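Listed below are the residues making up each chain.
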Amino acid sequence: MEQLIKQVNFRMLQFTGSSRIADRLTQVTNGKIKIEDAGFDWKILGPDVQELEYVAYQSDQDAYAFSGQKCSAQSILFVHTNWIQAGFIQKIKQLADQRQLENLTICPILTWNNEQIQNHVDQLLKIQGSELLFGGQSVQSTIPKIYGSYRPTAIKIPIDKINDNFDLVTTELFGPFQIFVEYNNIDHVLDVLEKIPHNLTAGIVSNDIQFVQYVLANTINGVTYVGVKARTTGAPQNHWFGPCGDPRGTGIGSPEAILQTWTSHREIISDWGPITNKNLKQS
């Protein structure tokens, strides 16, 4: 793509893909670019526990469908203690354990191989207080080693250890992997979210309107699903889909997105006359 861009005279480029490539293309295009790039997408389970089976199902889908290879995949899940006590971890573990390569609920991982994934898992488990909740091992298969084949995995990280290990914890592993964080104080969660640089999608699982509004007022994700059925992955053709918090950010999936991406303001000033003032003076 870079070589093609260098060969043509273009006015603007729209790019959908990784944030690393988006940053590179921003330099190549001298900023003439709009991006719908990656996100380290988060979901918060609020204090009001309800519909446990459904919420566990949706979280499993958001994190592990297509083995997590979606820009809107759930990368980090903040779970209120009330959900832990209700048995949420056991429910999502049961769903993750059901996934199999044979029925394609596990599939090849294109950009991370098993060695890279295992190294990331091992580094996270060195954090004090971390815990492997499930997964953590490769799938025995005939998939070439250049690709990955890994069990759906979740690692629990203490919320007070995130800031000291921020880059490691918020590395987007484009595969079947997510971070679990238990919390009691939503302000501690918001402190973490404020530091995340890429803000594509998010989910706030709660029917507590005041809780939802408080989180919305203190976050900036471009697409945020709210309510007990909230997810991080939806159908882009149904609504605006794009990041927020970056002047390069743009959307896909709606007429508004097309207008913002492919149009720009022009000003045409017409002054046809007649010329009534013949006494023209220089200034």
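A quick note: this is a predicted structure, and the numbers were derived from the prediction, not measured.

Asks: For the packing of helix α3 (residues 52–64) against helix α5 (residues 88–98), give the residues involved together with the corresponding values.
Replies: When two helices pack together, you describe them by how their axes are tilted relative to each other and by the distance separating the axes. Contact geometry for α3 and α5: axes closest at 9 Å, N-to-C directions at 50°. Taken together, the axis directions place α3 and α5 in an arrangement best described as oblique. The chirality of how α3 crosses α5 is right-handed. Packed against α3, whose contacting residues are Leu-52, Glu-53, Val-55, Ala-56, Tyr-57, Ser-59, Asp-60 and Tyr-64, the element α5 presents Phe-88, Lys-91, Ile-92, Leu-95 and Ala-96 at the interface. Its residues placed into classes, the contact of α3 with α5 shows 9 nonpolar, 1 polar and 3 charged.

Asks: So, the nonpolar core: which residues are in play, and what are the values?
Replies: Grouped together as the largest cluster of nonpolar side chains are 33 residues, with contacts concentrated most on Trp-42, Ile-44 and Phe-78. Among the secondary structure elements, those contributing two or more residues to this core are β3 (41–45), β4 (74–80), α6 (114–124), α7 (166–169), β7 (177–183), α8 (186–193), β8 (201–205) and α9 (209–217). Tallying contributions element by element places α8 first for this core, with 5 residues. When near neighbours in sequence (up to four residues on either side) are disregarded, Ile-44 contacts Phe-78, Tyr-183, Ile-186, Val-189, Leu-193, Gly-203, Ile-204, Val-205, Phe-211 and Val-215. Among the nonpolar cores identified, the runner-up in size contains 24 residues, and Leu-52, Ile-89, Ala-154 and Phe-180 belong to it.

Asks: Pulling in residues and values, what's your account of the pattern of salt bridges?
Replies: Enumeration over the complete set of coordinates arrives at 10 salt bridges. With a shortest N-O distance of 3.0 Å, Glu-182 and Lys-156 are connected by a salt bridge. Taken together, the positions of Glu-182 in strand β7 and Lys-156 in strand β6 (residues 153–156) put the pair 26 residues apart, joining distant regions of the chain. Note that Arg-248 is salt-bridged to Asp-246, the shortest N-O span being 2.7 Å.

Asks: Describe in detail the sheet that holds β3, supporting the description with residues and values.
Replies: The mixed open sheet is built from 7 strands, whose spatial order is β5-β6-β7-β4-β3-β8-β9. Each edge of the sheet is formed by a strand with only one pairing partner; in this case those strands are β5 (131–134) and β9 (223–226). Taken pair by pair, the neighbouring strands of this sheet meet at an average axis angle of 20°, ignoring direction. In this structure, β6 lies alongside β7, joined through 4 bridges in parallel fashion. When the sheet's bridge partners are listed, Ile-155 is paired in β7 with Ile-179.

Asks: Quick one: what's the story with the environment of Pro-197, residue by residue and with numbers?
Replies: Along the chain, Pro-197 turns up in the loop between α8 and β8. On a C-alpha basis, the gap between Pro-197 and Asp-246 in space is 9.0 Å, while along the polypeptide they are 49 residues apart.

Asks: Report on the packing of aromatic side chains, specifying residues and quantitative values.
Replies: Under the defined criterion, the tally for this structure stands at 5 aromatic pairs. With 6.1 Å between their ring centres and 50° between their planes, Tyr-54 and Tyr-57 make a pair best called tilted. Here Tyr-54 and its partner Tyr-57 are both found in helix α3, 3 residues apart, which amounts to about one turn of the helix. We classify Tyr-54 as partly exposed; its relative accessible area is 29%. Between Phe-134 and Phe-180, the ring centres sit 6.4 Å apart and the planes meet at 85°, which makes this aromatic pair edge-to-face. Taken together, the residues Phe-134 in strand β5 and Phe-180 in strand β7 connect sequence positions 46 residues apart. Among the residues examined, Phe-134 registers a relative accessible area of 4% and is labelled buried. On the basis of relative accessibility, which here comes to 2%, the residue Phe-180 falls in the buried class. For Lys-32, the ring lying beneath its charged end belongs to Phe-10, and the centroid distance is 4.7 Å.

Asks: Requested: an account of the pairing of β8, with residues and values cited.
Replies: Side-chain direction in a regular strand flips from residue to residue, so the side chains alternate between the two faces of the sheet. In terms of burial, β8 is a largely internal element, 5 of the 5 residues being buried. Neither face of β8 is exposed, since Thr-201, Gly-203 and Val-205 on one face and Ala-202 and Ile-204 on the opposite face are all buried. Sheet topology note: the β8/β9 ladder contains 4 bridges and is parallel. Across the sheet, the residue bridging to Ile-204 is Val-226, located in β9. For the handedness criterion, the β-α-β arrangement of β8, α9 and β9 is classed as right-handed.

Cut-offs and rules
- Residues numbered from 1 in each chain as written.
- Predicted model: local features only at pLDDT ≥ 70, side-chain atom pairs only at ≥ 80, totals over all residues.
- Heavy atoms only, no water.
- Axes fitted to C-alpha atoms, helices over the stretch in contact; angles between N-to-C directions.
- Helix = DSSP H or I, 4+ residues; strand = E, 2+ residues; numbered from the N terminus.
- Parallel < 35°, antiparallel > 145°, perpendicular 65-115°, else oblique.
- Left-handed = near helix turned anticlockwise from the far one by under 90°.
- Contact = heavy atoms within 4.5 Å.
- Nonpolar A, V, L, I, M, F, W, Y, C, P; charged D, E, K, R; others polar.
- Core = buried A, V, L, I, M, F, W, Y, C linked by side-chain atoms within 4.5 Å.
- Buried < 20%, exposed > 50% of the residue type's maximum accessible area, 1.4 Å probe, protein only.
- Salt bridge = Lys/Arg side-chain N within 4 Å of Asp/Glu carboxyl O.
- Pairing = 2+ DSSP bridges.
- Phe/Tyr/Trp six-rings, centres within 6.5 Å; stacked < 30°, edge-to-face > 60°.
- Lys NZ or Arg CZ within 6 Å of the ring centre and 35° of its normal.
- Right-handed = clockwise from strand over helix to strand, strands pointing away.

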